[in-house]
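Below are the chains, spelled out letter by letter.
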Amino acid sequence: MSYEVDFLPVGESYGDAIVVRYGDETTRNTLHVVDGGRIDTADTIIEHIEKHYPGYFIDHMVLSHADNDHACGLVGVLEHFRVNHLWMNRPWLYAHEVLHHFHGNFTLEGLIADIKERHPYLVELEEIALKKGAQIHEVFQGVSDRQVQGPCAVAQALRRTDSRFRENTHLVPD
């Protein structure tokens, strides 16, 4: 199987924007986008895909983590292209698992609202994906796109709610 990995410029900011194409003569080529930089990086990704991979759709779009310098550019890319699978964590789905760490300072509904307010680009990604019919997958260690016929596996955050592993949950907003 051959792979092409394109690291795209994200301007003056930190963050990442990566396009990966893989496949061989016997399988169709698959396109992944990993992270999208900031909002203006969306145009860079769109132009790159249209120039180098015309006619492609994005099979897998992956958001490595919820920082805006990785997530915001994906909004424009998701709006522009057909995307089959969006890999992202939606921390509000796990608010009930971490609520006790806030020592009564939030109700469940209040914590969910606070998380969504801090990460509006995640809410927007979810809304666009649902509207366009992309499947949303959680990004926790051990999850694999083999579930959807691919060769990749998640090697990041563990999904544990035990307080001994709280530093690995990445569910509590900064």
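Right, let's walk through the structure included here.

Procedures and definitions
Residues numbered from 1 in each chain as written. Predicted model: local features only at pLDDT ≥ 70, side-chain atom pairs only at ≥ 80, totals over all residues. Heavy atoms only, no water. Pairing = 2+ DSSP bridges. Helix = DSSP H or I, 4+ residues; strand = E, 2+ residues; numbered from the N terminus. Axes fitted to C-alpha atoms, helices over the stretch in contact; angles between N-to-C directions. Contact = heavy atoms within 4.5 Å. Expected span 1.5 Å × (residues − 1). Buried < 20%, exposed > 50% of the residue type's maximum accessible area, 1.4 Å probe, protein only. Salt bridge = Lys/Arg side-chain N within 4 Å of Asp/Glu carboxyl O. Parallel < 35°, antiparallel > 145°, perpendicular 65-115°, else oblique. Nonpolar A, V, L, I, M, F, W, Y, C, P; charged D, E, K, R; others polar. Arc of directions from axis to C-beta. Phe/Tyr/Trp six-rings, centres within 6.5 Å; stacked < 30°, edge-to-face > 60°. Lys NZ or Arg CZ within 6 Å of the ring centre and 35° of its normal.

Comments concerning the sheet that holds strand 6 (residues 135-137)
Stage number 1. One open sheet accounts for 6 strands, arranged 1-2-3-4-5-6; its pairing is mixed. Each of the sheet's edge strands pairs with one partner strand only, and the pair in question is strand 1 (2-7) and strand 6. Between one strand axis and the next, the sheet turns by 20 degrees as a mean value, whatever way the strands run.
Stage number 2. Helix 1 (residues 41-52) rests against strand 1, strand 2 (17-24), strand 3 (27-36) and strand 4 (58-62) of the sheet, and its axis sits at about 165 degrees to strand 3.

Section: helix 2 (residues 68-80)
Stage number 1. Here helix 2 spans 19 Å end to end across 13 residues, near enough to the 18 Å set by a 1.5 Å rise per residue.
Stage number 2. Burial in helix 2 covers these residues: Asp69, His70, Ala71, Cys72, Gly73, Leu74, Val75, Val77 and Leu78.
Stage number 3. Residues of helix 2 that are buried sit in contact with strand 3, helix 1, strand 4, strand 5 (83-87) and helix 5 (120-132).

Details of the pattern of salt bridges
Stage number 1. For the structure shown, the criterion picks out 4 salt bridges.
Stage number 2. Glu126 is the salt-bridge partner of Arg90, the closest N and O atoms lying 3.0 Å from each other. On the criterion of sequence distance, the pair formed by Arg90 in the loop between strand 5 and helix 3 (95-98) and Glu126 in helix 5 is long-range, its members being 36 residues apart. Glu126 carries the same exposure label as Arg90, and that label is buried.
Stage number 3. Here the residues in one salt-bridge network are Arg90, Glu126 and Glu138, joined through shared partners.

Here we look at the packing of helix 4 (residues 108-118) against helix 5
Between two packed helices, what matters for the description is the angle formed by their axes and the separation of those axes.
Stage number 1. At a minimum axis distance of 4 Å, the contact between helix 4 and helix 5 shows a crossing angle of 90 degrees. Viewed along their axes, helix 4 and helix 5 adopt a mutual orientation that is roughly perpendicular. Of the residues in helix 5, those in contact with Lys116, Glu117 and Arg118 of helix 4 are Pro120, Tyr121 and Val123.
Stage number 2. Residue composition of the contact of helix 4 with helix 5, by class: 3 nonpolar, no polar and 3 charged.

Describing helix 1
Stage number 1. With 12 residues, helix 1 should cover 16 Å at 1.5 Å per step; its first-to-last C-alpha distance of 16 Å lies within 8% of that length.
Stage number 2. Regarding helix 1, the residues found buried are Thr41, Ala42, Ile45, Ile46, His48 and Ile49. Along the axis of helix 1, the buried residues cluster in a sector spanning 165 degrees; they form a single face. Summarising the geometry of helix 1, the exposed residues directed more than 90 degrees from the buried face are Glu47 and Lys51.

Points about the packing of aromatic side chains
The description of an aromatic ring pair uses the distance of the two centres, along with the angle that the planes make with each other.
Stage number 1. Following the criterion strictly, the structure yields 3 aromatic pairs and no others.
Stage number 2. Measuring from ring centre to ring centre gives 5.5 Å for Tyr53 and Tyr56, while their planes differ by 65 degrees; the resulting arrangement is edge-to-face.
Stage number 3. Looking at Tyr56, the relative accessible area reads 22%, which means it is partly exposed.
Stage number 4. Residue placement shows Arg82 over the ring face of Phe57; its charged tip is 3.8 Å from the ring centre.

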